[in-house]
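Coordinate analysis (summary)
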Amino acid sequence: MLEPAFSSLPAGVPLVGSAILGAIFGSFLGAALERLPSGRSIVSGRSACEGCGKALTVVELVPVLSWLVQAGRCRTCGSRIGGWQLACELGGAGIGVASLLLARDGLALAAMLLGWQLLLLALLDLRHLWLPRLLVGWLAASGLLVAVARARVTDDAGVIGTALAGGVLGYAMLWLIARFYLKARGREGMGSGDPPLLGAIGLWLGPLGVVETMLGASIIGIAAAIVMLVSKRKIDADTALPLGTCLAATAWLLFLLQGPG
């Protein structure tokens with residue numbers, strides 16, 4: 001459903017605009033995916049080739065198109081530009097379009113905000129098994145702000161209480177599972193960023209959304225394990241699966257199709 005502010009425009013204009021906006025955000029997320037693990041700033045310093053260090057020109061920074069025209073390589077040194085950058089840009093564009101088409105009750109902009117944040121967290125966990133606390137904190141803060149805005153629009157303070165209950169339940173659920181595993185097996189079985197992530201998701205989706213997110217993430221995890229087995233990859237007690245990636249993917253789909261709790 002298109003946002004009311006866009007309803008008077010020809011149908012294709014908002015969709016193209018959301019795709020372009022999403023690709024631009026995705027380009028920023030791709031840079032963050034490269035810089036954050038090495039401790040570099042994501043807000044200062046010009047974009048440069050990771051291979052030769054040459055600052056990129058405007059022409060080389062056009063989302064998606066630059067990657068395709070350059071065949072995924074630097075124009076100066078020929079080093080490969082990882083597919084992660086293209087994945088971020090296409091993912092960002094897809095989130096923009098899907099949010100505008102499918103989000104319910106005028107929540108398209110909120111769905112975009114949630115989707116872009118979860119995309120970065122999902123890829124960081126998938127690539128590095130790392131969920132930065134600062135990014136999870138921003139996710140939690142934005143979820144609470146959306147709840148406050150909805151409470152004011154609907155004149156229903158209970159919306160905030162539902163969001164807070166979801167946040168507490170999400171964090172407590174995974175924290176208790178992690179503590180039980182540690183006590184039973186004598187070692188960590190879950191990343192320290194997973195409970196805060198589910199808590200932040202709970203602020204967006206509410207208590208029922210937390211339960212549904214856990215169920216959906218479990219199904220995705222089982223499917224991933226089956227794929228690994230079929231492809232003859234070794235799976236044992238030490239095999240690490242990115243739970244945060246599964247949680248992020250499930251949470252955004254739930255918000256997109258059902259809305260907040």
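Please refer to the structure higher up on the page.
What this report covers is the structure whose coordinates are included nearby. Please read these numbers as outputs of a predicted model, since none were measured by experiment. (Residues numbered from 1 in each chain as written. Predicted model: local features only at pLDDT ≥ 70, side-chain atom pairs only at ≥ 80, totals over all residues. Heavy atoms only, no water.)

**Examining the nonpolar core**
Of all hydrophobic cores here, the largest spans 55 residues; its most connected members are Leu118, Leu139 and Ile201. Counting residues per element, the ones that place at least two in this core are α1 (12-35), α3 (83-102), α4 (108-128), α5 (133-154), α6 (158-185), α7 (194-230) and α8 (243-258). The element best represented in this core is α4, accounting for 13 residues. Discounting residues that sit within four places of it in the chain, isoleucine 201 has contacts with Leu118, Leu139, Thr213, Leu247 and Ala251. (Core = buried A, V, L, I, M, F, W, Y, C linked by side-chain atoms within 4.5 Å. Buried < 20%, exposed > 50% of the residue type's maximum accessible area, 1.4 Å probe, protein only. Helix = DSSP H or I, 4+ residues; strand = E, 2+ residues; numbered from the N terminus. Contact = heavy atoms within 4.5 Å.)

**As for the environment of glutamate 188**
Along the chain, glutamate 188 falls in the loop between α6 and α7. In this structure the C-alpha to C-alpha distance between glutamate 188 and isoleucine 220, which are 32 residues apart in sequence, comes to 21 Å. Once you skip the residues sitting within four places of it in the chain, glutamate 188 turns out to touch Tyr181 and Leu182.

**Focus: a nonpolar patch on the surface**
Side chains of Val16, Ile20 and Ile24 sit close together on the surface and give an oily, nonpolar patch of about 280 Å² of accessible area. Examined against the element boundaries, isoleucine 24 turns out to sit in helix α1. (Patch = residues over 30% accessible without salt bridge, like charges linked within 9 Å, V, L, I, M, F, W, Y side chains within 5 Å. Areas by Shrake-Rupley, 256 points an atom, 1.4 Å probe, with all protein chains shown as cover. Salt bridge = Lys/Arg side-chain N within 4 Å of Asp/Glu carboxyl O.)

**With respect to the packing of aromatic side chains**
As enumerated under the stated definition, the model contains two aromatic pairs in all. Ring centres 4.3 Å apart and planes at 10 degrees place the aromatic pair phenylalanine 25 and tryptophan 116 in the stacked group. You can see phenylalanine 25 sitting in helix α1 and its partner tryptophan 116 sitting in helix α4, a full 91 residues away along the chain. On the basis of relative accessibility, which here comes to 8%, the residue tryptophan 116 falls in the buried class. Ring geometry for tryptophan 204 versus phenylalanine 255: centroids 5.5 Å apart, planes at 85 degrees, classification edge-to-face. Taken as a pair, tryptophan 204 in helix α7 and phenylalanine 255 in helix α8 lie far apart in primary sequence, 51 residues in all. (Phe/Tyr/Trp six-rings, centres within 6.5 Å; stacked < 30°, edge-to-face > 60°.)

**As for the pattern of salt bridges**
With the rule as written, the count across this model stands at one salt bridge. Two residues, arginine 127 and glutamate 34, come together in a salt bridge whose shortest N-O distance is 3.0 Å. Of this pair, arginine 127 sits in helix α4 while glutamate 34 sits in helix α1, placing them 93 residues apart in sequence. For arginine 127, a relative accessible area of 32% translates into the label partly exposed. The class for glutamate 34 is partly exposed, based on a relative accessible area of 27%.

**What to know about the packing of α1 against α3**
The N-to-C vectors of α1 and α3 enclose an angle of 145 degrees; their axes lie 6 Å apart at closest approach. As for the relative orientation of α1 and α3, their crossing is right-handed in sense. Contacts between α1 and α3 pair Pro14, Leu15, Ser18, Ala19, Gly22, Ala23, Gly26, Ser27, Leu29, Gly30, Ala31 and Leu33 from the former with Trp84, Gln85, Cys88, Glu89, Gly92, Ala93, Gly96, Val97, Leu100 and Leu101 from the latter. (Axes fitted to C-alpha atoms, helices over the stretch in contact; angles between N-to-C directions. Left-handed = near helix turned anticlockwise from the far one by under 90°.)

**Examining α7**
Counted at 1.5 Å a residue, the expected span for α7 with its 37 residues is 54 Å, but the 27 Å between its end C-alpha atoms falls short. Leucine 205 marks where α7 bends most, by close to 120 degrees; the proline proline 207 follows one to four residues later. At the exit of α7 stands lysine 232, carrying a positive phi of roughly 65 degrees. (Expected span 1.5 Å × (residues − 1). Bend = angle between axes of the 7 residues up to and from the residue.)

**Considerations on the side chain of glutamine 70**
With respect to the helices and strands, the residue glutamine 70 is situated in the loop between α2 (65-69) and α3. Under the relative-accessibility criterion, glutamine 70 is labelled buried at 14%. Not counting residues within four places of it along the chain, the set of residues in contact with glutamine 70 comprises Glu60, Arg75 and Ile81.

**Digging into α4**
With 21 residues, α4 extends 30 Å from end C-alpha to end C-alpha; this agrees with the ideal 30 Å at 1.5 Å per step. Within α4, 16 of the 21 residues are buried, leaving the element largely enclosed by the surrounding structure. Count one or two residues on from α4 and you reach leucine 129, which has phi positive near 50 degrees.

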